[in-house]
Amino acid sequence: MKKIIYSLLVLCCLSCSVSQQDKRELKLWYDQPAQNWMTEGLPMGNAYMGIMIFGQPEEEHIQFTEESLWAGGPRANKEYNYGNRNESYKQIEKIRALLKKGEFNKAHRLAYDKLTGIFHKSENGTPEFGDYGAQQTMGDLFVKVDGMSEVSNYHRELNLENATMNVTFDSKNNSFKRKYYASYPKHVLVYEFTAEKPVDYTLRLETPHLLETPSLNENVVAVDGKLENNGLAFGIRLKLDTDGKVALKNNKVTVENASRLVVFHTAATEYKNEYPKYIGNDYKTELTSILKGIQNKTEAEIYAEHVQDYQGLFGRVNLELEGPNRDSIPTKRRHKEYYAGTFDPAFEALYFQYNRYLMISGSRPGSMPLTLQGKWNNSTNPPWACDYHMNINQQMLYWPAEVTNLSECHQPLFDYMESLVEPGKVSAKEHFNVRGWIVNTMNNAYGFTAPGWGFPWGFFPGGAAWLCQHAWEHFAFTQDEKFLRNQGYPLMREAAKFWIDYLVKDEKGYLVSFPSYSPEHGGISTGAAMDHQMAWDLLNNCVKAAKVLGIDDEFTKNAETVRDQICPPMIGKWGQLQEWKEDVDDPNNKHRHVSHLFALFPGNQISVLETPDLADAAKVSLLARGDGGTGWSRAWKIAFWARLKDGDHAYKMLHELLKPTDYSGVEMKVGSGTYGNLLCSHPPFQLDGNMGGTAGIAEMLVQSHANTIEILPALPSTWKKGSVSGLKARNGFIVDLKWAEGKLSTVKITSEKGNKCAIKYGEKKVVFETQSGEAYVLNGELSK
């Protein structure tokens, strides 16, 4: 195939399916301030800190979180042991023996629960996290405008294209403008308040933690404090730039006669992610350095740098879905009308890009990874500790990182995984008497990698295997051999050792996970399918990585041998994909977890083309489970149906994920969907559903897991015309495409590494050589 030199006209057509004058605005906007943190506040973040902004005219409310502020850990209890219990692996041997005899019962489960569990419930049923701890809100900043009267012409918006929030309104013959943004390069949050006529402001900080008396020096407010639970020290700094007069009175900051007030906000803690103490960061020096970094910079310069930095990531991908322009309708009302049946595909594109915005805002090199709530937490006792849940949630948080061209945002997860290896090795030895590293259902910032919060709920040693899939996927998309050699493969190899040691032969000669547990569903088993699929995936990726790196050693040979002996996916008596080795699936069960379909997505052991019988069985299981479930469960089902090439069913799940809700409780059977601020309701708020939703949309448009770039593999009939540019495909390719009347018009493939490219659309497939840095354009027939 010849390289195609394309005209400016073709480039313009590929970049957008609508004219520039009709280009959709990527904004969430509202005609009222937020009243509820979870359902109405608008999130911003610079990866290190997250803020939720209410946009209140009289007294602005900005709730803020610093990522490393965690209760619990070694300093909460000198006997803290990272969830490990001395020689508890002996209990695993007892369980194995009882399971073989068919005698394992509730009494045995409770005995192991007592041994491993560290969580308890209070009298009212609320979880108490104790030594385990929880991610903590740092506090709230309030900025009051003195003498505010009735407000008119109120407008609040979040602009996704420059990661800027604006609030405007009029009051008492005065006009007010506010601008908010979060600078990753400068490690600060910036709030600009302007008034047409000078006004007086009062600033106050509130926190549930222990605070020292604030100080004011050269317009810098300094406040230090610590957590009562473990004594973790932290600091908050507010630098004020204003034409008004600044003073500190009664622990409040007053700014008199100001037409402009800019607040530069930063915070840090003494937490340091180093096992086993997790302390040692000189946070005061860090804060001094951050403030020094903005000392000779104007706000305009800081903002320009922020926009350039942000757009360098966000601007890589553009999604246009043709439909009526409904940008003039407030987002909350637009959301409700969309779900009620108003045709608004651009709203779905807005949602797709909003979640990319959240990824950039919460996860950047040098930061900690996203938690269940990203970087947004307003509680000292948040749901599920606002921690790292490793049995689906943590992984889903990073599903869109590669395919939506945000590979850099994936890096915090890999760095964090490295920090889990040492405590994970201890847990593998203490609980299972094997090599390798593990992490179970719940993980905190203090190296907790063992089973916890009850048995079997907290029992999921497969967490590390699933995390390691991300390391391989990062290489698959970027082709970064340096990363694979220095970070990815060492993580994978060490995690694989656990499975090589832990798997045992069953009566048929298969290697099985024993005992095992399908996440949050059923009981202890002699072989949960998900364990087998993850082990196979990890060992298979280790073999592939070794080939890339030119490694041919005993470990690689052993990994290949063990992989080929693992119990394969099985089809049960009613045509379903079995969740366990035992054929005991209930066709009436509607549980939110569909863990035994891991091999379909995000794995690739099952596919429509290569394993059609297993794909059909997966479809039977999926239909039996139904289209309900929590927020993240609906997001996962988008990807499942996309892999099964059913675009309309994938679209149905996207629509259900976007079901409007205001419910902020914790009852999982009600209130799942999406809040008015487009955050996902598990319920309550969890960020995983947002990220899973965007990954699912990408999967509907482009798939590349089978060594072929498949174009529009699950295009729903609703999306008749549109375009997307900048999506990534495995083996180092960027994909731009355009379609009309539900059929491919043009596709452009940019080769980043010069690898051979295979493209498939419908029944058509072409394969051609590429050169690094070159682009190749094909028509709807996959020809020039």
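Residues numbered from 1 in each chain as written. Predicted model: local features only at pLDDT ≥ 70, side-chain atom pairs only at ≥ 80, totals over all residues. Heavy atoms only, no water.

Thoughts on the environment of His649
With respect to the helices and strands, the residue His649 is situated in helix 17 (residues 647-657). Looking at His649, the relative accessible area reads 14%, which means it is buried. Sequence separation between His649 and Ala714 is 65 residues; the distance between their C-alpha atoms is 9.2 Å. Each residue touching His649, except ones within four places of it in the same chain, is listed here: Leu623, Asp627 and Trp641. (Helix = DSSP H or I, 4+ residues; strand = E, 2+ residues; numbered from the N terminus. Buried < 20%, exposed > 50% of the residue type's maximum accessible area, 1.4 Å probe, protein only. Contact = heavy atoms within 4.5 Å.)

Focus: the nonpolar core
In this structure, Tyr201, Trp437 and Leu701 are the most contacted members of the largest nonpolar core, which totals 239 residues. Setting aside chain neighbours within four positions, we find Tyr201 in contact with Val143, Lys144, Val145, Phe193, Thr194, Ala195, Val253, Thr254, Val255, Ala258 and Leu261. (Core = buried A, V, L, I, M, F, W, Y, C linked by side-chain atoms within 4.5 Å.)

Examining the packing of aromatic side chains
Per the counting criterion, the structure on display carries 35 aromatic pairs. For the pair Tyr310 and Tyr357, a centre-to-centre distance of 6.2 Å together with 75° between the ring planes defines the contact as edge-to-face. Taken together, the residues span a long stretch of sequence, with Tyr310 in helix 5 (residues 299-314) and Tyr357 in helix 7 (residues 345-362) at a distance of 47 residues. Given a relative accessible area of 3%, Tyr310 falls into the buried group. (Phe/Tyr/Trp six-rings, centres within 6.5 Å; stacked < 30°, edge-to-face > 60°.)

Comments concerning the packing of helix 16 (residues 631-643) against helix 18 (residues 688-701)
The contact between helix 16 and helix 18 brings their axes to 8 Å, and the two run at 15°. In terms of orientation, helix 16 lies roughly parallel with respect to helix 18. Considering how the two elements wind past one another, helix 16 and helix 18 form a crossing that is left-handed. Of the residues in helix 18, those touching helix 16 at Gly631, Trp632, Ala635, Ile638, Ala639, Ala642 and Arg643 are Asp688, Gly689, Gly692, Gly693, Gly696, Ile697, Glu699 and Met700. Grouping the amino acids of the contact of helix 16 with helix 18 by side-chain chemistry returns seven nonpolar, five polar and three charged. (Axes fitted to C-alpha atoms, helices over the stretch in contact; angles between N-to-C directions. Parallel < 35°, antiparallel > 145°, perpendicular 65-115°, else oblique. Left-handed = near helix turned anticlockwise from the far one by under 90°. Nonpolar A, V, L, I, M, F, W, Y, C, P; charged D, E, K, R; others polar.)

A look at the pairing of strand 8 (residues 151-159)
As paired strands, strand 1 (residues 27-30) and strand 8 are joined by four bridges and run antiparallel to one another. The residue bridging Trp29 from the neighbouring strand is Glu157, located in strand 8. With seven bridges connecting them, strand 8 and strand 9 (residues 164-171) associate as antiparallel partners. In the strand pairing of strand 9, Val151 is matched with Ser171. Where strand 8 folds back onto strand 9 in an antiparallel hairpin, the turn is made up of four residues, including Ala163, whose phi is positive at roughly 50°. (Pairing = 2+ DSSP bridges.)

Points about helix 14 (residues 554-565)
Over its 12 residues, helix 14 runs 17 Å from end to end, which matches the ideal 16 Å to within 8%, given 1.5 Å per residue. Regarding helix 14, the residues found buried are Phe555, Thr556, Ala559, Val562 and Arg563. One face of helix 14 carries all of its buried residues, which in axial projection span an arc of 130°. Residues Glu554 and Asp564 are exposed on helix 14 and point more than 90 degrees away from its buried face. Where the residues of helix 14 are buried, they touch helix 12 (481-502), strand 22 (511-512) and helix 13 (529-549). (Expected span 1.5 Å × (residues − 1). Arc of directions from axis to C-beta.)

Points about the pattern of salt bridges
One pass over the full model with this rule turns up 43 salt bridges. Across the pair Lys581 and Glu507 runs a salt bridge, and its minimum N-O distance is 3.5 Å. With Lys581 in the loop between helix 14 and helix 15 (612-625) and Glu507 in the loop between strand 21 (504-505) and strand 22, this residue pair connects regions lying 74 residues apart in the sequence. One salt-bridge network, in which partners are shared between bridges, spans Arg326, Asp327, Arg333, Arg334, Glu337 and Asp344. (Salt bridge = Lys/Arg side-chain N within 4 Å of Asp/Glu carboxyl O.)

Things to note about the sheet that holds strand 30 (residues 757-761)
A sheet is described by the order of its strands in space; here four strands give the open sequence 25-26-30-31, paired in mixed fashion. Either end of the sheet is taken by a strand with one partner, and the two such strands are strand 25 (702-703) and strand 31 (764-768). Of the pairings in the sheet, the one linking strand 30 to strand 31 comprises five bridges and is antiparallel in character. Within the sheet, the bridge partner assigned to Ala758 lies in strand 31 and is Val767.

A short note on the sheet that holds strand 27 (residues 722-729)
In spatial order, the strands read 18-27-28-29-32; together these five strands make up an open sheet with antiparallel pairing. The sheet terminates laterally at strand 18 (318-321) and strand 32 (775-779), the two strands that pair on one side only. Ignoring which end each strand starts from, the neighbouring axes of this sheet average 20° apart. Packed on one face of the sheet, helix 18 meets strand 18, strand 27 and strand 28 (733-740) and runs near 100° to strand 27.

Some words on the packing of helix 13 against helix 14
Where helix 13 contacts helix 14, the two axes come as close as 9 Å, and the packing angle between them is 145°. Seen along the crossing, helix 13 lies across helix 14 with a hand that is left-handed. Here helix 13 contributes Trp536, Leu539, Asn540, Cys542, Val543 and Ala546 to the contact with helix 14, which in turn contributes Phe555, Thr556, Ala559, Glu560, Val562 and Arg563. Taken together, the residues that form the contact of helix 13 with helix 14 break down as eight nonpolar, two polar and two charged.

As for helix 6 (residues 331-340)
Within the span of helix 6, buried status applies to Thr331, Arg334, His335 and Tyr338. Looking straight down helix 6, one finds its buried side chains confined to an arc of 105°; they lie on one side. Contacts made by the buried residues of helix 6 are with strand 1, helix 7, helix 17 and strand 23 (673-674). Just downstream of helix 6, Gly341 is the residue with a positive phi angle, here 125°.

Regarding the side chain of Arg364
Tracing the sequence through the fold places Arg364 in the loop between helix 7 and strand 19 (388-389). Setting aside its immediate chain neighbours within four residues, Arg364 contacts Ala47, Tyr184, Asp309, Leu313, Cys409 and Pro412.

What about the confidence of the model for the chain?
On average, the chain scores 92 in pLDDT, and the residues at 70 or more come to 93%. Scored below 50 in pLDDT, residues 1-21 makes 34 contacts in the model with residues more than four places away or belonging to other chains. Predicted confidence is poor over residues 117-128, with pLDDT under 50, and the contacts of this stretch with residues over four places away or in other chains come to 23 contacts. (pLDDT = per-residue confidence, 0-100.)

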